[in-house]
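Observations on chain architecture
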Amino acid sequence: MTEEKQPLLDHYQHRPGSSGRASALHPKCPGCRVAHLRDKNAPVPFKLLVLLGFVILANALPIAVVYPFLYFMIEDLHVAKRKEDIGYYAGWIGSSLMIGRMLTGVLWGVIADRYGRRKVMVCGILSVVVFNTLFGLSTSLWMALLTRFLLGGFNGMLGTVKAYASEICSEQHQTISMSMVSTMWGFGLIIGPAMGGYLAQATDFSNFSSSVISCEFFFSSLQPAIKYPNIFKSGSLFAKFPYLLQALGVLVFALIALVMCFYLPETLHKDHTSLEIDEEDTGKDHIAVESDTKEKQSESIFRNWGFISSTMVYCVWSLHDIAYTEIFSLWAVSGRSYGGLGFTSSNVGQVLAISGLSMLLFQLTLFPIFAKWLGPIRLTRVPTLVAIPILTAYPFFSKLHGNSLWAILLIASITKLILGQATFTGSFILINNSVKQAQRGAANGFSLSIVSLFKAIGPAGGGSVFAWCQTRQHTWLLPGDHLVFFFLNFFALLTALMTCKPFLPSSTAHPILE
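All figures in this text were calculated on a predicted structure; none of them were measured in a lab. (Residues numbered from 1 in each chain as written. Predicted model: local features only at pLDDT ≥ 70, side-chain atom pairs only at ≥ 80, totals over all residues. Heavy atoms only, no water.)

A word on the pattern of salt bridges
Defined as follows: We define a salt bridge as a contact between a side-chain nitrogen of Lys or Arg and a carboxyl oxygen of Asp or Glu at a distance within 4 Å. Numbered from the N terminus, helices here are DSSP runs of H or I no shorter than four residues, and strands are runs of E no shorter than two. Think of it in three bands: residues with accessible area under 20% of the maximum for their type are buried, residues over 50% are exposed, and the middle band is partly exposed, with areas taken using a 1.4 Å probe on protein chains only.
By the definition in use, this model includes two salt bridges. With a shortest N-O distance of 2.6 Å, E167 and R117 are connected by a salt bridge. In this pair, E167 is assigned in helix 8 (residues 157-167) and R117 in helix 6 (residues 117-136), connecting sequence segments 50 residues apart. Under the relative-accessibility criterion, E167 is labelled buried at 1%. In this structure, a network of salt bridges that share partners links the residues D113, R117 and E167.

Points about unusual backbone geometry
In the segment running from K501 into P502, the intervening peptide bond is cis, with an omega of 5°. Tracing the backbone through its elements, the reader meets P502 in the segment after helix 22 (481-498).

Section: the packing of aromatic side chains
Note the cut-off: In summary, the pairing rule links any two rings of Phe, Tyr or Trp, Trp by its six-membered ring, whose centres are within 6.5 Å, and it sorts them by plane angle into stacked for under 30 degrees, edge-to-face for over 60 and tilted for everything else. Note on criteria: charge over ring means Lys NZ or Arg CZ within 6 Å of the ring centre, with the direction from the centre no more than 35 degrees off the ring normal.
Tallying each qualifying case throughout the model produces 21 aromatic pairs. With a centroid separation of 5.8 Å and 40° between ring planes, the pair formed by Y324 and F328 is classed as tilted. With Y324 and F328 both in helix 17 (residues 305-333) and four residues apart, this pair spans about one turn of that helix. The two residues Y324 and F328 agree in class, both being buried. With a centroid separation of 6.2 Å and an interplanar angle of 70°, the aromatic rings of Y324 and Y394 are classed as edge-to-face. Here Y394 lies in the loop between helix 19 (367-393) and helix 20 (402-433) and Y324 lies in helix 17, a separation of 70 residues in the sequence. The two residues Y324 and Y394 agree in class, both being buried. Three or more aromatic residues joined by ring pairs make a cluster, and in this case those are Y324, F328, W331, Y394, F397 and F485. The positively charged end of R148 is found above the aromatic ring belonging to F135, 5.5 Å away from the centroid. A cation over a ring is seen here: K416 above Y324, with NZ or CZ 4.4 Å from the ring centre.

Re the nonpolar core
So the rule is basically this: For this analysis, a nonpolar core means a set of buried residues of the types Ala, Val, Leu, Ile, Met, Phe, Trp, Tyr and Cys, connected via side-chain atoms within 4.5 Å. Each domain's extent was defined by an automatic or database domain assignment. Should any heavy atoms of two residues lie within 4.5 Å, those residues are counted as being in contact.
The biggest cluster of nonpolar side chains holds 79 residues, and the ones touching the most others in it are L52 and I125. Per element, the largest residue contribution to this core is 11 residues, and it comes from helix 3 (residues 46-64). The two domains that each donate at least three residues to this core are domain 1 (42-270) and domain 2 (304-343 + 351-513). With near-sequence residues (within four places) excluded, L52 lies in contact with M121, V161, Y164, A165, I168 and L264.

Pasting the structure below:
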């Protein structure tokens with residue numbers, strides 16, 4: 001073997017995470033070409049993370065953008081015989097996306113492991129381009145249900161981007177890449193409702209009682225069609241399809257993200273045996289490799305307790321988080337006689353907007369330091385425990401007024417949001433650490449399917465508990481909203497307990513060496 005080729009071979013044969021036996025890097029393998037990003041001393045690939053963050057943002061927007069106007073869209077479709085039935089139909093539309101995602105999450109994970117991460121991301125963004133736009137053109141309940149269901153069914157990229165984020169950073173930078181995923185996803189779920197509220201040409205809300213409006217999401221009071229009647233004239237396209245404008249707003253983000261997808265390198269390793277080039281091109285000194293594809297395929301993620309337990313932690317916290325999102329808005333706008341704050345929808349919007357921006361700033365600056373200090377298991381456990389006393393204090397906020405109320409509420413809301421995203425980041429790392437790289441697409445696809453079920457249950461369960469608690473304001477044990485936040489604390493404590501041994505193996509703190 002010539003001396004000139006030795007450094008190249010050394011670089012190829014010592015890939016971080018490889019077994020070091022017959023696995024070797026190959027110049028024609030797309031995963032091998034970016035393997036240097038996972039070197040121990042490799043810098044943080046900020047350019048790739050920014051591109052990936054925008055792709056995640058475009059994927060998160062269509063999920064939450066419908067919440068501000070969904071109640072009024074159902075009324076405009078004239079399917080509910082009574083006002084009381086509108087929430088029933090709105091719930092089905094809200095859940096249809098999660099049901100579609102639940103049914104196909106594993107399939108998209110398998111596709112990502114077999115054909116590549118980037119292909120799945122492109123398909124996910126294309127589903128936003130097509131089906132979210134069609135949803136904006138919906139003229140019937142069935143069209144709205146079908147387009148949301150197909151949007152979820154053809155978009156399984158959340159699990160894939162979590163796998164991808166772990167493959168473009170070294171182990172020491174995993175917290176940065178995973179925090180990018182959770183931060184941009186959470187940020188999308190915050191600004192999505194803002195877009196829906198500003199861009200949906202809903203009917204005049206002045207005919208609805210404040211209690212009905214308050215039970216919807218916080219941006220429902222925004223009325224662009226009423227504020228700008230010269231823009232939306234009678235007989236125009238947006239008058240015929242009053243919910244198309246928000247879809248076009250998401251479409252702009254999606255098209256930009258689609259272009260960005262092609263600047264993201266593929267990270268999936270191909271079967272090196274099939275990629276070996278002819279001996280005539282490399283001489284007799286070509287790199288000999290042995291494929292271990294059959295071995296990896298024979299290992300089932302369902303017999304991996306570290307993966308199963310990490311997924312269960314992720315699911316329970318997701319149920320807590322989405323139930324908190326539902327309950328917080330309902331609690332804040334409910335009257336003080338019911339233990340709420342008596343806020344307007346605009347007040348709630350201001351709280352969440354400030355909280356979201358503060359969370360984004362923290363995640364991009366101080367969070368990596370705390371994450372590195374805690375490690376993935378404690379990063380998942382500690383925030384859930386800290387959240388318990390904060391949630392316990394929420395019912396007492398109704399005793400406050402004026403600036404003191406706003407100051408305490410903002411501190412609590414910002415802290416709770418930061419803690420929630422920290423726990424998500426930790427759970428993402430645990431899931432990726434528990435499986436080999438070749439299984440991460442399928443593993444994250446499976447976790448996406450299961451968590452979609454929990455996210456479909458969370459809002460309905462949280463809303464039902466809140467409604468029931470309003471009827472027991474004067475009981476001696478956990479009256480009114482005290483029981484609501486006890487409900488949230490139960491799942492926070494359960495999440496913390498599930499991160500302890502023997503339920504969660506300590507081996508999940510570090511990635512599997514392949």
